2 protein chains.
Amino acid sequence: MRMVIEDAVREAGTDPIFAVAQKASEAKEKYGKENVIDSTLGALMDDEGNLVTFNEVYNTLKNLPDDKIAAYADIGGIEEFLEAVPEACFRDQRPDAYIKAVATPGGTGAVRNAIANYSNYGDKILIPDWHWAPYRTIADEHKRGYQLFSLFNDEGRFNLESYKKEFKKLLNDQGRILTILNTPAHNPTGFTINDDEWDKIIEFWIEEAKNNPDKQIVVLNDIAYVDFAKEGSRKFMKKLEHLPENILPLYAFSASKGYTMYGLRNGALICAAPTQEIADEFEASAIYSNRANWSNGTRGAMQVLADIINDPTSYERFLSEQTANREMLRKRGDALVEECKNVGLNICEYDDGFFMSIPVDNPQEITEALYDDNIFLIALSGGIRVALCAVSEDKCRKIPKAVKEAIDKRDNKYES
Amino acid sequence: MRMVIEDAVREAGTDPIFAVAQKASEAKEKYGKENVIDSTLGALMDDEGNLVTFNEVYNTLKNLPDDKIAAYADIGGIEEFLEAVPEACFRDQRPDAYIKAVATPGGTGAVRNAIANYSNYGDKILIPDWHWAPYRTIADEHKRGYQLFSLFNDEGRFNLESYKKEFKKLLNDQGRILTILNTPAHNPTGFTINDDEWDKIIEFWIEEAKNNPDKQIVVLNDIAYVDFAKEGSRKFMKKLEHLPENILPLYAFSASKGYTMYGLRNGALICAAPTQEIADEFEASAIYSNRANWSNGTRGAMQVLADIINDPTSYERFLSEQTANREMLRKRGDALVEECKNVGLNICEYDDGFFMSIPVDNPQEITEALYDDNIFLIALSGGIRVALCAVSEDKCRKIPKAVKEAIDKRDNKYES
């Protein structure tokens, strides 16, 4: 007897990333953690492999009166949070638009609400070929499909041509489009769409919006890694203002990485709407979705973010912790990119962030071969993901050579 | 231009309960909180109107190392929590069944996953006429409908006849049925299905299961208030074992009330399945749904619940806080019931819990009239809800007379 509905039958078994992380843990136990490169999980670790937790965040949390943690938040989020979170999202690049925020459990909840409220049942959402896999899971659970475009062109930069082609096809087939861009510091490649590319994308949207005045163009910016990208990476937000009325920019804000609040489930879906009506409509739908899925968010986490941002001294302490860790990550990224060049290993454009990707055929074969060297990386469909967030600069320097050798060995084996 | 999809257009505006709570707050400011009866919100308050927060819970939370709060939980929940939560749910009434738990944001997330995975798109779920309104919101968001049955018969006890009638009709019309019972200490009436009633309900399910061997009967027990019900209120859980294979008992466990973790969003959907396969299938679907909606739960809250339950001394301290508060609530309930009798006010059967309900026509008219007496109650569709969780025993004693007078005054006005 099958008890779940047919649509909800799912494969059991451990998440593949978690399974590799488990292997890495066993190796660390056996060989000592200094001898193992565990580059599996997407959380920022210090050079000793311990999770980075910002003192300002956890001191603030632990000093909250119990009832500020225990009480229900309002369905849409507590007021202080909803006022503070646009600052966390936009900083000095706040667009001139009708901005509203609704709290969600992390970035996932924000993506979920965007898909549920801005794409129709059966529609396809537009995502890049290199993408965070849960976009597909979220779409699938809600009976939406997805259409891929090629993220990179031959120069390794944003493939505007492919994007335009798939966008137009979808907008032609459907009454509306929801397109997700994950930038800056894209997961899993670390790619950031630059300002020139943004200008061209926006120009294209405006053209499409004008050519299809009855169709809705909803642009979801997943900015989960924005606080680990270079200064200036928020510039595109200010560009997304004064657009035609049928273009709606949304932001999936996550406090997981930028505030080291992964396990506190704190985020928001934020709109930068062209009109008050569209902003109000956004809020009403998002609040309804909250009520119908998780009711409300983690009150204490919202309070912490608001308290930090509203207290200049606290905010400064917080920002200096964030900056120090961003610098640490940048050094790891520089080391990786440099060593990849040195050994002639081709990588996807890496600008910033927690991950870097190495395009390669049959990546699983390579990641498995590397287990023998006590190097644990994640095989994606189009390549290998290196989680530089999780390993020291020293260890980052060792990865490219090992990967290159494993690829060469595999390829030579097949040639001979 | 409308940007959300047609299905997601929602009415804006403040939640009606929150709006009345706001009025009550203003009255407290103006007249002093001792002169206002604010019986609006569904959270346990002490006699001074402050939120009850269990010391054992918040001391444990604040003593956790930061990384135990900051890290992501596994998608289905951390292992210690998943092992501990069946104890929190079943205590000494653990059924002999294949039990699996998957963490969710509060009871809401559990109800959401049950509806999404155990009812088909377009199906109706079966709920009582007196019910927690978000059942409808959750069903609606996921494109399920609902069918009401009459909760009470003429004697004010469980209306088995109405239940059977609507159940059979639905099971006849649909390929399966999902039925939600909210007991013990039902919201909004405080009604608890007794053991005799349970025996008859179970007998009926077994009969229906045998008569419809190809149809699935999924029974979701919403036990949000179980820890504020009398000893023995878990007995039904042990009855729900060794059932036919096409009956699946599920439990929506919430740590909101029983652990004063409202704002921490901690709960679980738990199955007590007749076979290993059905339990495994349950887990795989629920984990997928987690990933596709909120990713994972509040790690620190899971850790606290597990740590308390796994440490006998801590668990004892916790239970004694819980017991003391249950006693406080019971005294309020006794006072209310007694005064209702004294003034001849008819109420729904109240056994236990945060709420009591007074069936009355046009309840809004009555609750509004009571604003002048600085009494703030909530109008439901079929009556008035008194949140005894929120007011002292003394204030509880004052409510029935005031309500009775307001009803009499209204009715006399129309008669004259």
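About the cut-offs
- Residues numbered from 1 in each chain as written.
- Chains lettered and ligands numbered in written order.
- Predicted model: local features only at pLDDT ≥ 70, side-chain atom pairs only at ≥ 80, totals over all residues.
- Heavy atoms only, no water.
- Helix = DSSP H or I, 4+ residues; strand = E, 2+ residues; numbered from the N terminus.
- Expected span 1.5 Å × (residues − 1).
- Buried < 20%, exposed > 50% of the residue type's maximum accessible area, 1.4 Å probe, protein only.
- Contact = heavy atoms within 4.5 Å.
- Buried area = accessible area lost by both parts, 1.4 Å probe.
- Salt bridge = Lys/Arg side-chain N within 4 Å of Asp/Glu carboxyl O.
- Polar contact = N/O pair within 3.5 Å; in protein donor to acceptor, adjacent residues only side chain to side chain.
- Nonpolar A, V, L, I, M, F, W, Y, C, P; charged D, E, K, R; others polar.
- Domains from an automatic or database assignment.
- Least-squares fit on C-alpha atoms with pLDDT ≥ 70 in both.
- Disulfide = S-S within 2.5 Å.
- Pairing = 2+ DSSP bridges.
- Patch = residues over 30% accessible without salt bridge, like charges linked within 9 Å, V, L, I, M, F, W, Y side chains within 5 Å.
- Areas by Shrake-Rupley, 256 points an atom, 1.4 Å probe, with all protein chains shown as cover.
- Lys, Arg positive; Asp, Glu negative; His and termini not counted.
- Charge placed at Lys NZ, Arg CZ, Asp CG, Glu CD.
- Axes fitted to C-alpha atoms, helices over the stretch in contact; angles between N-to-C directions.
- Parallel < 35°, antiparallel > 145°, perpendicular 65-115°, else oblique.
- Left-handed = near helix turned anticlockwise from the far one by under 90°.

A. Just helix α5 (residues 106-118) of chain B, in detail. For α5(B), built from 13 residues, the straight-helix expectation of 18 Å at 1.5 Å per residue is met to within 8% by its first-to-last C-alpha distance of 19 Å. Of all 13 residues making up α5(B), 13 are buried, and the element is well covered by its neighbours.

B. Quick peek at the interface of chain A and chain B. Counting residues at the interface gives 78 residues for chain A and 78 residues for chain B. In total, about 6,400 Å² of surface goes out of reach between chain A and chain B, with carbon and sulfur atoms giving 59% of it. Summed over the shared surface of chain A and chain B, the number is six salt bridges. Across the salt bridge formed by Glu281(B) and Arg2(A), the nearest N and O atoms sit 3.5 Å from each other. Taken together, the links from chain A to chain B amount to 46 residue pairs in polar contact (both at pLDDT 80 or more). Looking at the side of chain A that touches chain B, the elements with two or more residues in it are α2 (55-62), α3 (66-70), α5 (106-118), α6 (134-141), β6 (216-222), β7 (247-254) and α10 (276-291) of chain A. Element by element, the count of residues in the side of chain A that touches chain B is highest for α10(A), at seven residues. Of the residues that constitute the side of chain A that touches chain B, the class distribution is 37 nonpolar, 21 polar and 20 charged.

C. Molecular detail of the domain arrangement of chain A. All names here are of chain A. As far as domains go, chain A holds domain 1 (6-54 + 316-415) and domain 2 (56-313). Taken over C-alpha atoms, the centre of domain 1 sits 26 Å from the centre of domain 2. On the domain 2 side, the residues contacting the 34 residues of domain 1 number 32 residues. Summed over the shared surface of domain 1 and domain 2, the result is seven salt bridges. Where Glu-56 meets Arg-317, a salt bridge forms, and the shortest distance between an N and an O atom there is 2.7 Å. Taken together, domain 1 and domain 2 are joined by 24 residue pairs in polar contact (both at pLDDT 80 or more). For the side of domain 1 that touches domain 2, the elements supplying multiple residues, two or more each, are α12 (312-343), β9 (355-359) and β12 (383-387). Along the lines of polarity and charge, the residues of the side of domain 1 that touches domain 2 split into 15 nonpolar, eight polar and 11 charged.

D. Seen up close, the relation of the copies chain A and chain B. Overlaying chain A on chain B yields an RMSD of 0.0 Å, the required transformation being a rotation through 180° with an accompanying axial translation of 0.0 Å. On the angle and the small slide along the axis, the relation comes out as a two-fold axis. Considering only C-alpha atoms, the part of chain A nearest the rotation axis is Lys62(A), at 2.8 Å. Of the interface residues in chain A, 100% have counterparts in chain B that sit at the interface too, so the contact is made through matching surfaces.

E. How the structure looks around the state of the cysteines. Overall, the coordinates contain zero disulfides over all chains when judged by the stated rule. The cysteine Cys396(A) is free of any disulfide, with Cys389(A) supplying the nearest cysteine sulfur at 9.2 Å. Judged by its relative accessible area of 0%, Cys396(A) falls in the buried class. Between Cys271(B), a cysteine without a disulfide, and Cys89(B), which holds the nearest cysteine sulfur, the sulfur-to-sulfur distance is 11 Å. On the accessibility criterion, Cys271(B) (0% relative accessible area) is buried.

F. Structural context of the pairing of strand β8 (residues 267-273) of chain A. All names here are of chain A. The element β8 is extensively covered by neighbouring structure, given that seven of its seven residues are classed as buried. Burial along β8 is two-sided: Gly-267, Leu-269, Cys-271 and Ala-273 and Ala-268, Ile-270 and Ala-272, pointing in opposite directions, are all buried. Sheet topology places strand β2 (residues 98-104) next to β8; seven bridges connect them, and they run antiparallel. Each bridged residue has a counterpart across the sheet, and for Thr-104 the counterpart in β8 is Gly-267. Bridge count between β7 and β8: five bridges; the pairing is antiparallel. Paired with Phe-253 across the bridge in β8 is Ala-268.

G. Region of interest: a negative patch on the surface. Residues Asp74(A), Glu79(A), Glu80(A) and Glu83(A) make up a contiguous surface patch of negative charge. Summarising the element assignment, Glu83(A) is placed in helix α4 (residues 79-90).

H. Spatial organisation of the packing of helix α4 (residues 79-90) of chain B against helix α11 (residues 299-310) of chain B. Residues and elements named next belong to chain B. Direction vectors running N to C along α4 and α11 enclose 60°, while the axes themselves pass 9 Å from each other. Here α11 runs oblique to α4, going by the angle between their axes. Remark: the crossing between α4 and α11 carries left-handed chirality. Residues Glu-80, Phe-81, Ala-84, Val-85, Glu-87 and Ala-88 of α4 touch α11, and the partners they reach there are Met-302, Gln-303, Leu-305, Ala-306 and Ile-309.

I. Region of the structure containing the sheet that holds β9(A). Residues and elements named next belong to chain A. Spatially, three strands are ordered β9-β12-β11 in an open sheet, and the strand pairing comes out antiparallel. A single partner strand is all that each edge strand has here, and the edge strands are β9 and β11 (378-379). Bridge analysis of β9 against β12 gives five bridges, and the strand direction is antiparallel. The partner of Met-356 across the bridge, within β12, is Val-386.

J. Structural detail: unusual backbone geometry. Residues and elements named next belong to chain A. Put simply, Thr-183 and Pro-184 share a cis peptide bond, and its omega is 0°. Topologically, Pro-184 is positioned in the loop between β5 (176-182) and α8 (195-211). Residue Ala-185 is not a glycine yet carries a positive backbone phi of 60°. Tracing the backbone through its elements, the reader meets Ala-185 in the loop between β5 and α8. Even without glycine at this site, Thr-260 takes up a positive phi of about 45°. Here Thr-260 is to be found in the loop between β7 and β8.

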